[in-house]
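One-letter residues, chain by chain:
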Amino acid sequence: MEETEELVEVRVKIPASRIGDFYRVLGLWIDGEGARSRPRRAGPIQPWVGDDTDMKIAAGILRKLSPPARKLFAVLSSNPGVRYGADQLAELAGIAKGRYGIAGVLAWPTRYCDEIRRGLPIEMEPRDGGSIYWMEVDVARAFVEGKALLGELRE
């Protein structure tokens, strides 16, 4: 895409259970890798509930995140339940492409979650002018504790 090319907002409706898949494919496309997709893992997707198991899973995911994804997760987990507009979240997380870069940043975390049959731990509500993002309180606590666990493992 040329720097001067006009960006247009596209709205699509997808099943809530497939948001992670949508972000994964969109992220691949934004990264220029095309829409090659891997088959979905068998079995039901387990919900995030914020228990000790989630804390350990969160630590494993955080360990794999890119710096921009880690910062985005930090903003949301440090402010549980706070809803951020896409532009505001992108600015706080330092995502250079703004709201359009969020999908790319979330592509790999979505893949990591898919590998373990979990949905993305970030809630999203589509809106005109950019989606709204947040992390539920119990899930955020699991990620804060997971981050602390990683710090303890490094010491």
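The structure displayed is predicted, hence computed values, not measured ones.

Draft legend 1. Here's a closer look at the overall build of the chain. Helix and strand counts for the chain stand at six helices and three strands. Along its sequence from the N terminus, the chain presents helices and strands in the succession α-α-α-β-α-α-β-β-α. In the chain, which comprises 155 residues, the share counted as buried stands at 38%. Relative to all contacts within the chain whose residues are 6 or more apart in sequence, the contacts with residues 24 or more apart total 66%. Summing over all exposed atoms, the chain offers an accessible surface of approximately 9300 Å²; the carbon and sulfur share of this is 54%.

Draft legend 2. Structural view of the nonpolar core. With 33 residues, the main nonpolar core has Leu72, Phe73, Ile102, Leu106, Ile122, Tyr133 and Phe143 as its most contacted residues. For this core, the secondary-structure elements that each account for two or more residues are helix 2 (52–64), helix 3 (67–78), helix 4 (86–93), helix 5 (99–115) and helix 6 (137–154). For this core, the leading source of residues is helix 5, giving six residues. In contact with Phe73, other than residues within four places in its own chain, are Leu62, Leu65, Leu106, Pro109, Leu120, Pro121, Ile122, Met135 and Phe143.

Draft legend 3. Spatial organisation of the packing of aromatic side chains. Counted under the stated rule, the structure contains three aromatic pairs. Measuring from centroid to centroid gives 5.3 Å for Trp48 and Phe143, while their planes differ by 45°, and the two rings are tilted. Here Trp48 is found in the loop between helix 1 (19–30) and helix 2, whereas its partner Phe143 is found in helix 6, with 95 residues between them in sequence. The pair formed by Trp48 and Phe143 is uniform in burial state, with each residue classed as buried. With centroids separated by 5.8 Å and ring planes inclined at 35°, the aromatic side chains of Trp108 and Tyr112 adopt a geometry described as tilted. Residue Trp108 and its partner Tyr112 are located together in helix 5, separated by four residues, close to a single helical turn. Look at Trp108 and you get partly exposed, because its relative accessible area is 43%. By relative accessible area, which is 15% here, Tyr112 ends up buried.

About the cut-offs
Residues numbered from 1 in each chain as written. Predicted model: local features only at pLDDT ≥ 70, side-chain atom pairs only at ≥ 80, totals over all residues. Heavy atoms only, no water. Helix = DSSP H or I, 4+ residues; strand = E, 2+ residues; numbered from the N terminus. Buried < 20%, exposed > 50% of the residue type's maximum accessible area, 1.4 Å probe, protein only. Contact = heavy atoms within 4.5 Å. Areas by Shrake-Rupley, 256 points an atom, 1.4 Å probe, with all protein chains shown as cover. Core = buried A, V, L, I, M, F, W, Y, C linked by side-chain atoms within 4.5 Å. Phe/Tyr/Trp six-rings, centres within 6.5 Å; stacked < 30°, edge-to-face > 60°.

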